[in-house]
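These are the residues of each chain, in order.
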Amino acid sequence: MCACDISDVGVSRLTDRPPPLEDDGEAPAGCAGQWDGQDGRGDHPHRRPLRAQETANAVWHDRAVSDARLSAAEGLESHVRAFFEGHSVEVVDYDLGPGRREAIPDLRVLVVGPGPRGDCWAYVTAGCWAVMEKRGHGLEFVMTAHVRDQRFIQLMAMIAYYHCGGHRLDLQHSMPIGEPWVPGSTCDHLLISLPYLHGPDLEHCPLPEGHARILWTLPVTTAEIEFRRRHGHEALEQLLDEAEIIPTDPFRASVV
């Protein structure tokens with residue numbers, strides 16, 4: 001089975017925090033299409049209604065896109081809350097900052113605490129589907145970790161930007177983190193796999209406008225990625241399974 005490797009493409013380091021929110025210079029609400037006596041081709045008030053209508057259409061289109069994004073995010077959040085019933089679920093709005101914000105506006109990271117389904121933390125992106133969906137189908141991503149830490153929220157934001165900013169991820173892909181998953185860990189890549197820890201009930205998320213597939217971002221080592229390049233994705237997964245790794249242990253030994 002062919003495995004796509006895009007690990008030669010660099011990503012921003014986790015420690016590179018996005019710049020603070022800046023004023024985008026947007027016009028105040030209600031200013032679009034106001035009469036200013038000019039339409040760019042001299043005084044010709046009869047042309048102005050057409051321009052105003054075009055502006056109104058653009059505004060309605062933007063609202064429709066924004067509403068669709070909101071509906072998808074709410075649908076994903078409802079799905080995650082239902083699956084993790086009995087767990088705390090925190091919604092973190094993440095602003096990627098100028099220059100990155102446009103790639104994935106309204107990005108959220110859902111932070112799920114320990115509970116009936118396990119004693120680990122889960123981090124789930126919400127916003128990728130709305131940007132990258134095709135014919136109603138798209139991806140979101142989940143990571144499991146041993147603690148709640150801002151580092152993992154930043155990592156999920158980086159994954160979302162990587163996916164939506166030009167390096168479309170999919171099942172059996174990998175991506176570099178650029179540094180250890182946590183300080184002292186030998187895991188410095190992410191393997192995109194099925195969410196084996198949670199199963200298909202989390203993986204398949206129905207949405208009002210389609211369907212999201214939630215895939216697992218599993219931290220792995222450089223040596224494991226090299227093995228995968230030579231022997232394939234399924235061979236690596238078999239090794240990981242045979243070694244009975246604890247995927248949330250950042251200090252686990254490499255299986256190769």
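All residue numbers refer to positions counted from 1 along the written sequence of the respective chain. Restriction of local features to residues with pLDDT of at least 70 applies here, the model being predicted, together with a cutoff of 80 or more for giving and counting side-chain atom pairs; totals for whole chains, interfaces and linings are based on all residues. Hydrogens are left out, water is left out, and the side-chain values use all remaining heavy atoms of the structure.

## Points about the pairing of strand 3 (residues 121–126)
Then, in step 1: Note on exposure labels: buried denotes an accessible area under 20% of the residue type's maximum, exposed denotes more than 50%, and partly exposed covers the range between, all computed with a 1.4 Å probe on protein chains only. Here a helix means four or more residues in a row that DSSP labels H or I, a strand means two or more in a row labelled E, and each is numbered from the N terminus. With respect to burial, strand 3 is a largely interior element, five of its six residues being buried.
Then, in step 2: Each pair of strands is called paired provided DSSP finds at least two bridges between the two strands. Bridging between strand 3 and strand 4 (residues 137–145) involves four bridges; their strand directions are antiparallel. Across the sheet, residue V124 finds its bridge partner in strand 4, namely V142.

## Things to note about the environment of Y196
Then, in step 1: Note that Y196 resides in the loop between strand 6 (187–193) and helix 4 (200–203).
Then, in step 2: Separated by 19 residues in sequence, Y196 and L215 place their C-alpha atoms 9.3 Å apart.
Then, in step 3: Identification of polar contacts relies on pairs of N or O atoms within 3.5 Å, with a donor-acceptor requirement for protein atoms, meaning one able to donate a hydrogen and the other able to accept it, and with residues adjacent in sequence counted only if both atoms are side-chain atoms. Of the polar contacts made by the side chain of Y196, one reaches the side chain of E237; its length is 3.0 Å.

## A closer look at the packing of aromatic side chains
Then, in step 1: Here a pair means two rings of Phe, Tyr or Trp (six-membered ring of Trp) with centres within 6.5 Å. Their orientation is stacked below 30 degrees between planes, edge-to-face above 60, and tilted elsewhere. Here the structure, examined in full by the defined rule, presents four aromatic pairs.
Then, in step 2: Taking the centre distance of 5.6 Å and the plane angle of 55° together, the rings of Y123 and F152 count as tilted. With Y123 in strand 3 and F152 in helix 3 (residues 150–164), the pair connects residues that are 29 residues apart, well separated along the chain.
Then, in step 3: Judged by relative accessible area, Y123 falls into the buried class, the value being 0%.
Then, in step 4: F152 gets classed as buried once you look at its relative accessible area, which sits at 1%.
Then, in step 5: Taking 6.5 Å as the distance between ring centres and 80° as the angle between the ring planes, the aromatic pair formed by Y196 and W216 counts as edge-to-face. Taken together, the positions of Y196 in the loop between strand 6 and helix 4 and W216 in strand 8 (residues 210–221) put the pair 20 residues apart, joining distant regions of the chain.

## With respect to helix 6 (residues 233–242)
Since the α-helix packs 3.6 residues into each turn, any two residues three or four apart lie on the same face.
Then, in step 1: Among all positions in helix 6, only H233, L236, E237 and L240 are buried. Buried residues in helix 6, looked at end-on, bunch into an arc of 100°, giving them a common side.
Then, in step 2: Contacts are residue-level and defined by heavy atoms, with any inter-residue pair within 4.5 Å sufficient. On the buried face of helix 6, the contacting elements are strand 6, strand 8 and helix 5 (222–231).
Then, in step 3: A positive phi of about 50° marks E244, the residue just after helix 6. The directions from the helix axis to the C-beta atoms form the arc being described.

## A few points about unusual backbone geometry
Then, in step 1: Even without being a glycine, R135 presents a positive backbone phi close to 50°.
Then, in step 2: In this fold, R135 is placed in the loop between helix 2 (128–132) and strand 4.
Then, in step 3: We note that Q172 has phi near 75°; this positive angle belongs to a residue other than glycine.
Then, in step 4: Inspection of the secondary structure puts Q172 in the loop between helix 3 and strand 5 (174–176).
Then, in step 5: A relative accessible area of 10% places Q172 in the buried class.

## Let's talk about the nonpolar core
Then, in step 1: Take the buried Ala, Val, Leu, Ile, Met, Phe, Trp, Tyr and Cys residues and link them wherever side-chain atoms come within 4.5 Å; each set so joined is a nonpolar core. Membership of the largest hydrophobic core comes to 33 residues, with the highest contact counts inside it found for Y123, F141, M143, L155, I159 and W181.
Then, in step 2: Within the residue set of this core, elements represented by two or more residues are strand 2 (108–112), helix 2, strand 4, helix 3 and strand 6.
Then, in step 3: The element contributing the most residues to this core is helix 3, with ten residues.
Then, in step 4: Other than its neighbours up to four places away in sequence, W181 contacts M143, T144, A145, R151, F152, L155, C187, P219, P247, T248, D249 and P250.
Then, in step 5: Grouped together as the second largest cluster of nonpolar side chains are 26 residues, F83, V89, L207 and L240 included.

## Digging into the pattern of salt bridges
Then, in step 1: A carboxyl oxygen of Asp or Glu within 4 Å of a side-chain nitrogen of Lys or Arg is what we treat as a salt bridge. Summed over the entire model, instances satisfying the criterion amount to ten salt bridges.
Then, in step 2: Residue E90 pairs with R148 through a salt bridge whose shortest N-O separation is 3.0 Å. Of this pair, E90 sits in strand 1 (residues 89–93) while R148 sits in the loop between strand 4 and helix 3; the two residues are 58 residues apart in sequence, bridging distant segments of the chain.
Then, in step 3: The exposure class assigned to E90 is partly exposed, which follows from its relative accessible area of 36%.
Then, in step 4: The shortest N-O distance in the salt bridge between E226 and R229 comes to 2.3 Å. Of this pair, E226 and R229 are both found in helix 5, three residues apart, which corresponds to roughly one turn of the helix.
Then, in step 5: By relative accessible area, R229 is classed as partly exposed at 42%.

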